[in-house]
Amino acid sequence: MDKEKAAGIAAALKNEGYEVAMVPDLCRKAMEASPELPEIAAGVILACHPRAVHSLLEWAGQDAKQVEDIRSNSREEALARLGISCSETRDAAEKERFRNEIAAFPAENGTDAWYPVLDKTKCIECGKCHDFCLFGVYTVANKRVRVTQPQNCKNNCPACARMCPNRAIIFPKYEKSPINGGTALEETFTPGEMDAMYRERLQQRLQQRKAGIPLLKKEGE
Ligand code: SF4
Ligand code: SF4
């Protein structure tokens, strides 16, 4: 996240009389079914990757009303889309306040609330992610795949996203697109590589089953 840009946008909105709330970890709020989610979903959400936010809130049972991209758009463009102009002088004090608020966020180390989110507009329900995962994160019911045990996902691992045939799996905290929900292709795998990953994982899964290893993540994994 471009913290300077986020602080500048928040300051301009605040000075225009809008209520502004900074949310440091929407993944955690979604996973914990925070009572704040309906209010968050009903507002205008400014985020780096709208596809990730829509999918995350959909998984949490909410319909995000409006999500604006503040990664591809400049501060001026993002505010113009909301009908607001910026003024460095007017916004300076508020911007400093939001800058400090962002600086006080808990450190992001990728180990907190890390789990896959499915973009259901792209998912073809092939079930490969469910077969692939060794930790029971996914469940298939009525031919529909769902993330039901997000806490079992291995920290910092986006493995299943790499072999999804339709790039439907998002890890919002991953650094590269399209796995983080972005539109750029910063990391790609050929169909052959994806098949190889899938086959190798199936072998591991079979061995895991034979050995009777429980589908749970150990503490600290
Ligand atoms: S592998 Fe991808 S397309 Fe297939 S069920 Fe999982 S998310 Fe959907
Ligand atoms: S990243 Fe690994 S542990 Fe997490 S859901 Fe995908 S396959 Fe399972």
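Nothing here was measured: the structure is a model prediction, and the numbers come from that model. (Residues numbered from 1 in each chain as written. Chains lettered and ligands numbered in written order. Predicted model: local features only at pLDDT ≥ 70, side-chain atom pairs only at ≥ 80, totals over all residues. Heavy atoms only, no water.)

### What to know about the site of ligand 2
- Looking at ligand 2, there are 13 residues lining it, with Cys133, Cys153, Lys154, Cys157 and Cys160 nearest.
- When its residues are assigned to classes, the shell around ligand 2 shows 11 nonpolar, no polar and two charged. (Near = heavy atom within 4 Å. Nonpolar A, V, L, I, M, F, W, Y, C, P; charged D, E, K, R; others polar.)

### Examining the packing of aromatic side chains
- Applying the stated criterion to the full structure yields two aromatic pairs.
- Ring geometry for Trp59 and Tyr115: centres 5.2 Å apart, planes at 45°, overall tilted. Taken as a pair, Trp59 in helix H4 (residues 50–59) and Tyr115 in the loop between helix H6 (88–103) and strand S3 (117–118) lie far apart in primary sequence, 56 residues in all. Each member of the pair Trp59 and Tyr115 is classed as buried.
- Here the guanidinium or amino end of Arg97 rests over the ring plane of Phe98, the centre of that ring lying 4.7 Å away.
- Against the face of Tyr198 rests Lys128, its NZ or CZ located 4.6 Å from the ring centre. (Phe/Tyr/Trp six-rings, centres within 6.5 Å; stacked < 30°, edge-to-face > 60°. Helix = DSSP H or I, 4+ residues; strand = E, 2+ residues; numbered from the N terminus. Buried < 20%, exposed > 50% of the residue type's maximum accessible area, 1.4 Å probe, protein only. Lys NZ or Arg CZ within 6 Å of the ring centre and 35° of its normal.)

### Concerning the side chain of Asn180
- By the secondary structure assignment, Asn180 is in the loop between strand S6 (169–170) and helix H9 (191–211).
- Only 2.9 Å separates the side chain of Asn180 from the side chain of Ser177, close enough to count as a polar contact.
- At a separation of 2.9 Å, a polar atom in the side chain of Asn180 contacts the main-chain amide nitrogen of Gly182.
- Those residues in contact with Asn180 that sit more than four places away from it in its chain are His49, Ala52, Ile170, Phe171, Pro172, Tyr174 and Glu175. (Polar contact = N/O pair within 3.5 Å; in protein donor to acceptor, adjacent residues only side chain to side chain. Contact = heavy atoms within 4.5 Å.)

### Some thoughts on the nonpolar core
- Grouped together as the largest cluster of nonpolar side chains are 43 residues, with contacts concentrated most on Ile45, Tyr115, Tyr138, Cys160, Ile169 and Phe171.
- The element that contributes the greatest number of residues to this core is H4, accounting for five residues.
- Mapping this core onto the domain boundaries places at least three of its residues in each of domain 1 (3–103) and domain 2 (117–211).
- Sequence-distant contacts of Phe171, defined by excluding residues within four places in its chain, comprise Trp114, Tyr115, Pro116, Cys153, Cys157, Pro158, Cys160, Ala161, Ile179 and Asn180.
- Counting residues in hydrophobic clusters, the runner-up holds 14 residues, among them Ala6, Ile9, Leu13 and Leu79. (Core = buried A, V, L, I, M, F, W, Y, C linked by side-chain atoms within 4.5 Å. Domains from an automatic or database assignment.)

### Quick notes on the pattern of salt bridges
- As enumerated under the stated definition, the model contains 17 salt bridges in all.
- A salt bridge links Asp119 to Arg51, with the shortest nitrogen-to-oxygen separation between them at 2.6 Å. Pair noted here: Asp119 is in the loop between S3 and helix H7 (128–132) and Arg51 is in helix H4, with a separation of 68 residues, a long-range link.
- The class of Asp119 is buried, set by a relative accessible area of 4%.
- Overlapping salt bridges, with partners in common, bring together Glu4, Lys95, Glu96 and Arg99 in one network. (Salt bridge = Lys/Arg side-chain N within 4 Å of Asp/Glu carboxyl O.)

### A few points about the pairing of strand S2 (residues 66–69)
- Here four bridges tie strand S1 (residues 44–47) to S2, and the two strands are oriented parallel to one another. Opposite Ile45, over in S2, you have Val67 as the bridge partner.
- Handedness of the S1-H4-S2 crossover: right-handed. (Pairing = 2+ DSSP bridges. Right-handed = clockwise from strand over helix to strand, strands pointing away.)

### So, the packing of helix H1 (residues 3–15) against H6
- Across the interface, H1 lies against H6 with an axial gap of 8 Å and an inter-helix angle of 125°. Here H1 lies oblique to H6, going by the angle between them. Handedness of the H1/H6 crossing: right-handed. Taking contact as the criterion, the partners of Lys3, Glu4, Ala6, Ala7, Gly8, Ala10, Ala11, Ala12, Lys14 and Asn15 in H1 are, on H6, Arg90, Asp91, Glu94, Lys95, Arg97, Phe98, Arg99 and Ile102.
- Across the contact of H1 with H6, the residue classes tally to seven nonpolar, two polar and nine charged. (Axes fitted to C-alpha atoms, helices over the stretch in contact; angles between N-to-C directions. Parallel < 35°, antiparallel > 145°, perpendicular 65-115°, else oblique. Left-handed = near helix turned anticlockwise from the far one by under 90°.)

### Considerations on the domain arrangement of the protein
- Domain boundaries in the protein define domain 1 (3–103) and domain 2 (117–211).
- Spacing between the C-alpha centres of domain 1 and domain 2 amounts to 28 Å.
- Carbon and sulfur atoms make up 55% of the surface buried where domain 1 meets domain 2, a total of about 1200 Å² over both sides.
- Among the residues of domain 1 in contact with domain 2, His49, Arg51 and Trp59 are the three that bury the most area, contributing 50% of the side total.
- At the surface where domain 1 touches domain 2, the tally comes to two salt bridges.
- Connecting domain 1 to domain 2 are six residue pairs in polar contact (both at pLDDT 80 or more).
- Secondary structure elements with two or more residues in the side of domain 1 that touches domain 2: helix H2 (26–31) and H4.
- Residue classes in the side of domain 1 that touches domain 2 are distributed as five nonpolar, two polar and three charged. (Buried area = accessible area lost by both parts, 1.4 Å probe.)

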